[in-house]
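Chains, contacts and geometry: an overview
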Amino acid sequence: MNGWLLAAAVVLTGGLGAALWGVATGPLRRRAVAQNLATVLAGSGLLLLAQGYDRPSYLDLALVLALLGPVGTLVFARLLADDLAADPPRARAATWATVGVAAATVAAVCAATGPGRAMGKLLVTGALLIGGNLIASRALSGGFGGVRGG
Amino acid sequence: MIAVALLLVAASATAAVATRDPARQALVLSVLGVVLAVLFTTLQAPDVGLSQLAVGAALTPLLLLLTVRKVRRRPRREEDPR
Amino acid sequence: MNRRMRLCLVALGGAGLAALFTAAFLRLPAFGGDRHPYGDRAVRAALHRHTANTIASVNFDLRAFDTLGETSILFASVLGCVVLLRQARDEHRARPEPADVAPPVRRYALLVLPVAVLTGLYVVAHGQLSPGGGFQGGVVTATALHLLYLGADYHALERVRPLGAYEAGDALAVSAYVVTGLAAVLAGTAFLANTLLPYGTFNTLSSGGTVPLLNAAVGMEVACAVVVLLARFLDQAVEIEEDSGK
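Model, not experiment: these values are computed from the prediction.

A closer look at the overall build of chain A
Scanning chain A for helices and strands turns up six helices and zero strands. In chain A, the order of α-helices and β-strands from amino to carboxyl end is α-α-α-α-α-α. Considered along the principal axes of its C-alpha atoms, chain A spans approximately 50 × 30 × 20 Å. Partitioning the contacts of chain A with sequence separation of at least 6, the portion at a separation of at least 24 is 77%.

Overview of the overall build of chain C
Of the regular secondary structure elements, chain C holds 10 helices and two strands. Ordered by position from the N terminus, the helices and strands of chain C form the series α-α-α-α-β-α-α-α-α-α-α-β. For 246 residues, the compact-globule estimate of 2.2 N^0.38 gives 18 Å, and chain C exceeds it by more than 25% at 23 Å. Expressed along its principal axes, the backbone C-alpha trace of chain C runs to roughly 65 × 60 × 40 Å.

Here we look at the environment of A:Val10
As for its position among the elements, A:Val10 is in helix α1 (residues 3–24). In sequence terms A:Val10 and A:Ala66 are 56 residues apart; their C-alpha atoms lie 20 Å from each other.

So, the environment of B:Val35
Along the polypeptide, B:Val35 turns up in helix α2 (residues 22–42). Taking C-alpha positions, B:Val35 is 9.2 Å from B:Leu53, a pair spaced 18 residues apart along the chain. For B:Val35, the contacting residues outside a window of four places in its chain are A:Leu16, B:Leu8, B:Val9 and B:Ser12.

Considering the interface of chain B and chain A
Counting residues at the interface gives 30 residues for chain B, matched by 34 residues for chain A. Residue assignment for the side of chain B that touches chain A shows that the elements contributing at least two residues are α1 (2–18), α2 and α3 (46–79) of chain B. In terms of residues, the side of chain B that touches chain A owes the most to one element, α2(B), which gives 12 residues. Tallied by class, the residues present in the side of chain B that touches chain A amount to 22 nonpolar, six polar and two charged.

Quick word on the packing of helix α4 (residues 64–84) of chain C against helix α10 (residues 211–239) of chain C
All names here are of chain C. Look at α4 against α10: their axes get within 9 Å of each other, and the N-to-C directions meet at 20°. Taken together, the axes of α4 and α10 are roughly parallel relative to one another. Between α4 and α10 the crossing geometry is left-handed. Residues Ala-64, Thr-67, Thr-71, Leu-74, Phe-75, Val-78, Cys-81 and Val-82 of α4 pack against Leu-214, Val-218, Glu-221, Val-222, Ala-225, Val-228, Leu-229 and Arg-232 of α10. Taken together, the residues that form the contact of α4 with α10 break down as 12 nonpolar, two polar and two charged.

Regarding the nonpolar core
A:Ala38, A:Val64, A:Leu65, A:Leu67, A:Leu68, B:Val31 and C:Val226 are the most contacted members of the largest nonpolar core, which has 133 residues in total. What A:Leu65 contacts, discounting residues up to four positions off in sequence, is A:Thr39, A:Ala42, A:Gly43, A:Leu46, B:Val34, B:Leu53 and B:Ala57.

Notes on the packing of helix α3 (residues 54–62) of chain C against α10(C)
Residues and elements named next belong to chain C. In contact at an axis separation of 9 Å, α3 and α10 are set at 85° when each is read in the N-to-C sense. Classified by the interaxial angle, the pair formed by α3 and α10 is roughly perpendicular. Along its contact with α3, which presents Ala-56, Ser-57, Phe-60 and Asp-61, the element α10 presents Val-211, Leu-214 and Asn-215. Here the residues of the contact of α3 with α10 sort into four nonpolar, two polar and one charged.

Remarks on the confidence of the model for chain C
Per-chain confidence: chain C averages 86 in pLDDT, with 97% of residues scoring 70 or above. At the low end of the mean pLDDT range in chain C sits strand β2 (residues 240–242) of chain C, at 72; at the high end sits helix α1 (residues 3–26) of chain C, at 94.

Some points on helix α9 (residues 163–186) of chain C
All names here are of chain C. Between its first and last C-alpha atoms α9 spans 34 Å; for 24 residues at 1.5 Å apiece the expected length is 34 Å, and the two agree. Among the residues of α9, Tyr-166, Asp-170, Ala-173, Val-174, Tyr-177 and Thr-180 are the ones counted as buried. In this fold, the buried residues of α9 make contact with α4 and α10. Phi turns positive one or two residues past the end of α9, at Gly-188, with a value near 100°.

Examining α4(C)
All names here are of chain C. End to end, α4 covers 30 Å across 21 residues, agreeing with the expected 30 Å (1.5 Å per residue, within 8%). Where α4 is concerned, the buried positions are Ala-64, Thr-67, Leu-68, Thr-71 and Val-78. For α4, the angular spread of the buried residues around the axis is 105°, confining them to a single face. In α4, the exposed positions angled more than 90 degrees off the buried face are occupied by Phe-65, Gly-69, Ile-73, Ala-76, Ser-77, Gly-80, Val-83 and Leu-84. Residues of α4 that are buried in the fold lie against α3, α9 and α10.

What about the environment of C:Val174?
Residue and element names in this part refer to chain C. Position of Val-174 relative to the elements: it lies in helix α9. The spatial distance from the C-alpha of Val-174 to the C-alpha of Phe-75 is 8.0 Å, given a sequence separation of 99 residues. Apart from the residues within four sequence positions on either side, Val-174 is in contact with Thr-71, Ser-72, Phe-75 and Glu-221.

Thresholds applied
Residues numbered from 1 in each chain as written. Chains lettered and ligands numbered in written order. Predicted model: local features only at pLDDT ≥ 70, side-chain atom pairs only at ≥ 80, totals over all residues. Helix = DSSP H or I, 4+ residues; strand = E, 2+ residues; numbered from the N terminus. Contact = placed C-beta atoms within 7 Å. Rg over C-alpha atoms; globule rule 2.2 N^0.38 Å. Nonpolar A, V, L, I, M, F, W, Y, C, P; charged D, E, K, R; others polar. Axes fitted to C-alpha atoms, helices over the stretch in contact; angles between N-to-C directions. Parallel < 35°, antiparallel > 145°, perpendicular 65-115°, else oblique. Left-handed = near helix turned anticlockwise from the far one by under 90°. Core = buried A, V, L, I, M, F, W, Y, C linked by C-beta atoms within 7 Å. Buried ≥ 20, exposed ≤ 12 C-beta atoms within 10 Å, placed from the backbone. pLDDT = per-residue confidence, 0-100. Expected span 1.5 Å × (residues − 1). Arc of directions from axis to C-beta.

Rendered as structure tokens:
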């Protein structure tokens, strides 16, 4: 077990474990935020795993998760808009902490990869992951103002 | 590593079963899908993990919530017909 | 049949299943061992046919007939959904009101949509090289299209989604798979045998003989099937309403 895998284990146990606790208990707003953060944490975990196993092709998983994870959160934000509007979620601290973990992960893996096409792919994945997460949390806290029947 | 992923899968699957409200269950289910993808990656099966991600991250919640919405809309209309 | 009797039956069946599972479990090879007779042969066959991703080789070459079955299952289930979720006689369509989406969310959806479609196509095209393939890429592409519904409204999605074309594409893709198989028969070998095309250079896009072709067919089939399936669900959830006063 090398350092990357150890880091992945820490991110997955600490981060995903906490997110799992958040998604399984509490009011709807907390669950939605936790689902959004779980995507980012799992994405960072997948990046670390790809680096730890030394398989660049595993990056595809993180890429697909970075694309589809926020889409999943948007689904919840849109179709649960009525329930969420009554009680909008606010979790600025947790969101920025998670984004920080993701950014640190991307930076570390980039530094280990070195410049090249692989690094470009990494940066795109990281940007999608972080940007998507921020937009999705924005959508959760009132992005779909007047959705009725749509 | 495999043990960590297995524990997470077991925990989220239990949580998914224990949740009663379908909308909240969909939230737990989407996290379960992501955790399963991590488990498949640790077991060196990225193809299966990719399938799980593609289906579990957005498609399953969308189908579930659309169904919930359709089912919920019907009784409301019977209560107060416009 | 009363409750007690049913419980007994369930217990009997469960016990049988548990016994069989236990018996099978005891004969399993140890976890993480280093003897993989099937794996070794599959890897050898994949390398012989210049397919870098052994999983793709197993799915679309060694067991291509299996995949044909899976493809048909998806096709048939989507067909069933289309029949079940059609507009009934006592229902009418209501025009959904346009949604009021926050500008950043809308911009994000429009920005990510092409990226996601491209990623889906990339996953399909590189199926024989890296993890992925027709199914995964097809689902990603189809999901990406629905960003239009999430980021704008249902009307915008309907405008770029000629449903008939997707239904035809679904059927065409399944036929393409079968035709590729039959081409091998016409060439004098077995159904779906990977002997038609040159194997190409290892680890390039055009390697693996018929694997990329079958991959593309499955990708198209899955993408069209998911779009059609989601369209039926969206129709039911968003547009179709039961006539009031019933």
